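Listed below are the residues making up each chain.
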Amino acid sequence: MQRRDAFLGVLALIVLWQLLAWAVGQPILPPPGQVLLVFLQELPGELGRHILVSAGRVIASIALAVALAVPAGLGLGQIKALNRIFAPLIYVVYPIPKIVFLPVIFILFRAGELSRIILITFFLFFQVLVLVRDEAAGLRPELIQSVRSLGAGRRALFRFVYLPASLPAVLSALRISVGTAIAVLYISEGYATSSGLGYYIVTESWGRLAYTEMYAGVVAMSLLGLALYFVVDALDRRLCPWRVAT
């Protein structure tokens, strides 16, 4: 059902794109067939290199955010005193658009690979943290006590109780925020870099009015976000089969 919906959605988008290209009739909006041809021609070369760079940045950011936010969220969800200390800070920082910290992070860490990964991680961290914390806080005490009565220590509790309970929250947070993470990646790659899809779209294509190449870059970045979304969705079905059954 999901594959059919995705196919129909892409088909509808292509038809709408073609109609708009005919209506505009200007080089600023080339038809999808022309863009696809350029996309396939550029993919083995520069475009493919930029895709790999952007994919590496966003995947590293996701891995780092999950590694930091899951333990922190579990700790805040299970230790009420700790949550009372940090809850006001989370309440204030969580709604702030994280992209506004781009110049601050670039100044502190310089405009390199690390700064872009930190920026995306900063955004994803709070998305995962809040959902994992709320999920951990909602665990029933009798469930934890029943596992402890079987002789389970902290490691066993983490493996068999806390981690399975937090997985749905982690995957839901990633599914919700992957699109915004790609948008943050695009903006960060428009500054002080010579690689990445954001650089390819803004500098190498738009900057020299190469509209067909620009749209090929937009398609590449869209496919990157879509691929990450499908990966998260597949992990959800694999790691949390009870949610699919429900």
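Residues numbered from 1 in each chain as written. Predicted model: local features only at pLDDT ≥ 70, side-chain atom pairs only at ≥ 80, totals over all residues. Heavy atoms only, no water.

(A) Local environment of the overall build of the protein. Within the protein, the regular secondary structure consists of eleven helices and zero strands. In the protein, the order of α-helices and β-strands from amino to carboxyl end is α-α-α-α-α-α-α-α-α-α-α. With the C-alpha coordinates aligned to their principal axes, the bounding extent of the protein is approximately 70 × 45 × 30 Å. The long-range share in the protein, meaning contacts at least 24 apart out of those at least 6 apart in sequence, stands at 74%. Carbon and sulfur atoms make up 70% of the accessible area of the protein, which totals about 14200 Å². (Helix = DSSP H or I, 4+ residues; strand = E, 2+ residues; numbered from the N terminus. Contact = heavy atoms within 4.5 Å. Areas by Shrake-Rupley, 256 points an atom, 1.4 Å probe, with all protein chains shown as cover.)

(B) Expanded view of unusual backbone geometry. A positive phi angle, near 60°, is found at leucine 209, a position not held by glycine. As for its placement among the helices and strands, leucine 209 is situated in the loop between helix H9 (197–205) and helix H10 (211–239).

(C) A look at the side chain of glutamate 189. Along the chain, the position of glutamate 189 falls in the loop between helix H8 (154–188) and H9. Once you skip the residues sitting within four places of it in the chain, glutamate 189 turns out to touch Ser54, Arg57, Arg116, Ser195, Gly196, Leu197, Gly198, Tyr199 and Met221.

(D) Representation of the environment of alanine 210 within the structure. The residue alanine 210 is located in the loop between H9 and H10 in this model. Sequence separation between alanine 210 and leucine 131 is 79 residues; the distance between their C-alpha atoms is 42 Å.

(E) Representation of the pattern of salt bridges. Applying the stated criterion across every chain yields a total of seven salt bridges. One salt-bridge network, in which partners are shared between bridges, spans Arg175, Asp233, Asp236 and Arg237. (Salt bridge = Lys/Arg side-chain N within 4 Å of Asp/Glu carboxyl O.)

(F) Quick peek at the packing of aromatic side chains. As enumerated under the stated definition, the model contains five aromatic pairs in all. Measuring from centroid to centroid gives 6.0 Å for tryptophan 17 and tyrosine 215, while their planes differ by 40°, and the two rings are tilted. Residue tryptophan 17 is located in helix H1 (residues 2–24), and its partner tyrosine 215 is located in helix H10; the two are separated by 198 residues in the primary sequence. Grouping residues by exposure puts tryptophan 17 and tyrosine 215 together as buried. (Phe/Tyr/Trp six-rings, centres within 6.5 Å; stacked < 30°, edge-to-face > 60°. Buried < 20%, exposed > 50% of the residue type's maximum accessible area, 1.4 Å probe, protein only.)

(G) Fine view of the packing of helix H3 (residues 46–78) against helix H4 (residues 80–93). Contact geometry of H3 with H4 gives a least axis separation of 6 Å together with a crossing angle of 115°. Facing Gly75, Leu76 and Gln78 of H3, the residues of H4 in contact are Lys80, Leu82, Asn83, Phe86 and Ile90. Of the residues belonging to the contact of H3 with H4, the class tally is four nonpolar, three polar and one charged. (Axes fitted to C-alpha atoms, helices over the stretch in contact; angles between N-to-C directions. Nonpolar A, V, L, I, M, F, W, Y, C, P; charged D, E, K, R; others polar.)

(H) Structural detail: the confidence of the model for the protein. Taken over all residues, the pLDDT of the protein has a mean of 86, while the share at 70 or more is 93%. Put simply, helix H11 (residues 241–245) is where the protein has its lowest mean pLDDT, 63, and helix H2 (residues 32–42) is where it has its highest, 93. (pLDDT = per-residue confidence, 0-100.)

(I) Focus on a nonpolar patch on the surface. Taken together, the side chains of Phe7, Leu8, Leu11, Val15, Leu19 and Trp22 make up a nonpolar region of the molecular surface, amounting to roughly 650 Å² of accessible area. Tracing the backbone through its elements, the reader meets phenylalanine 7 in helix H1. (Patch = residues over 30% accessible without salt bridge, like charges linked within 9 Å, V, L, I, M, F, W, Y side chains within 5 Å.)

(J) Region of interest: H4. For H4, which comprises 14 residues, the first-to-last C-alpha distance of 20 Å matches the rise-based estimate of 20 Å (1.5 Å per residue) to within 8%. Taken as a whole, H4 carries its principal kink of about 45° at phenylalanine 86; the proline proline 88 stands between one and four residues after it. (Expected span 1.5 Å × (residues − 1). Bend = angle between axes of the 7 residues up to and from the residue.)

(K) Summary view of the environment of glutamate 135. Mapping glutamate 135 onto the fold places it in helix H6 (residues 113–137). A sequence separation of 61 residues divides glutamate 135 from leucine 74, and the C-alpha atoms of the two residues are 8.3 Å apart.

(L) Looking closely at the side chain of serine 177. Mapped onto the elements, serine 177 comes out in helix H8. A distance of 2.6 Å separates a polar side-chain atom of serine 177 from the backbone oxygen of alanine 173. Aside from chain neighbours lying at most four places away, what touches serine 177 is Phe123, Leu124 and Gln127. (Polar contact = N/O pair within 3.5 Å; in protein donor to acceptor, adjacent residues only side chain to side chain.)

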